[in-house]
Amino acid sequence: MKSILLAAALIFLGTHANAVTTGNYIKGSTGLTLGGETEINGLSADLDDDFLTPLIFAYGFNLTDEFQGEFEFSYRSNDYEGAGNTDAEVLALAFNVVNSWVLQNNLFLTGGVGGTLGQYDLAPTIDGFALGLQVFIGMDYKIHERTTIGGEFRHFRTLTEADDADFDNTSLLFTAKYDL
């Protein structure tokens, strides 16, 4: 529910924003998983905090003067807490709507929401496709006319079940964006 409220607030506030980018861009992100869990047939299992997960690559473009759209590919791989070599892996495609607000000359508050379609491999016998939602908010700093770096806090979760299993995780990410 918190994710949906954050998304609604970002969309509402977006009508009063200034676009950071003036055209197409590519973006890469990676960072640290801060927490996550899966729920399989009513039993939940925590995920270990992992570095360099997720790995995210995106292509962005202007939807309007205020909003950008992003096609995104992401990969997440986390070990189950205390379960040795058992991994939870997710490959996902997403479409995000992104907005940025100018805080100072080259400093921006950025937020967005996206729908995902993912392939989930959560245990040796649990895999499947599921729809999901992600919300994110962060800060960007334009270091050059075409290059922006930043950090973001992102929450990702399934909305439908993949073979009777749910997945959610929260990450702190480093991002780099290049305007084409």
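To be clear, the structure that these remarks concern was listed above.
Below you will find a few notes about this structure. The structure presented is a predicted model; accordingly, all values stated were derived computationally and were not measured.

What counts, and at which threshold
Residues numbered from 1 in each chain as written. Predicted model: local features only at pLDDT ≥ 70, side-chain atom pairs only at ≥ 80, totals over all residues. Heavy atoms only, no water. Helix = DSSP H or I, 4+ residues; strand = E, 2+ residues; numbered from the N terminus. Buried < 20%, exposed > 50% of the residue type's maximum accessible area, 1.4 Å probe, protein only. Contact = heavy atoms within 4.5 Å. Patch = residues over 30% accessible without salt bridge, like charges linked within 9 Å, V, L, I, M, F, W, Y side chains within 5 Å. Areas by Shrake-Rupley, 256 points an atom, 1.4 Å probe, with all protein chains shown as cover. Salt bridge = Lys/Arg side-chain N within 4 Å of Asp/Glu carboxyl O. Lys, Arg positive; Asp, Glu negative; His and termini not counted. Charge placed at Lys NZ, Arg CZ, Asp CG, Glu CD. 1 Å grid on protein atoms, 1.4 Å probe; cavity = no way out; pocket = protein on both sides within 12 Å on 5 of 7 lines; lining within 4 Å. Points joined across faces, edges and corners; volume = space filled by probe spheres on them. Nonpolar A, V, L, I, M, F, W, Y, C, P; charged D, E, K, R; others polar.

What follows covers the environment of Glu-37. One can find Glu-37 in strand 1 (residues 25-40). Overall, the relative accessible area of 30% leaves Glu-37 in the partly exposed class. As for Glu-37 and Leu-47, which are separated by ten residues in sequence, their C-alpha atoms are 5.2 Å apart. Ignoring any residue separated from it by four or fewer positions in sequence, one finds Glu-37 in contact with Ser-44, Ala-45, Asp-46, Leu-47, Asp-166, Phe-167 and Asp-168.

Taken together, the side chains of Glu-39, Asp-121, Asp-127, Glu-161, Asp-163 and Asp-164 define an acidic patch exposed on the protein surface. Looking at the element boundaries, Asp-127 is found in strand 7 (residues 126-144).

Turning our eyes to something else, we now look at empty space enclosed by the protein. Throughout the structure, instances matching the rule amount to two cavities of 30 Å³ or more. By volume, the largest cavity is sized at about 100 Å³. Around the largest cavity sit 15 residues that line it, and Lys-27, Glu-70, Thr-110, Asp-140 and Lys-177 are the ones nearest its centre. Secondary structure elements with two or more residues in the lining of the largest cavity: strand 1, strand 4 (67-79), strand 5 (87-104), strand 7, strand 8 (147-158) and strand 9 (165-179). Of the residues in the lining of the largest cavity, the class split is five nonpolar, five polar and five charged.

Moving on: the side chain of Thr-116. As for its position among the elements, Thr-116 is in strand 6 (residues 107-123). For Thr-116, a relative accessible area of 5% translates into the label buried. If sequence neighbours within four positions are ignored, Thr-116 has contacts with Leu-93, Ala-94, Ala-130, Leu-131, Gly-132, Leu-133, Gln-134 and Phe-156.

Another aspect to go through is the environment of Gly-128. Note on placement: Gly-128 falls in strand 7. Residue classification places Gly-128 among the buried residues on the basis of a relative accessible area of 16%. Once the C-alpha coordinates of Gly-128 and Ala-165 are considered, the two residues, 37 residues apart in sequence, prove to be 8.9 Å apart.

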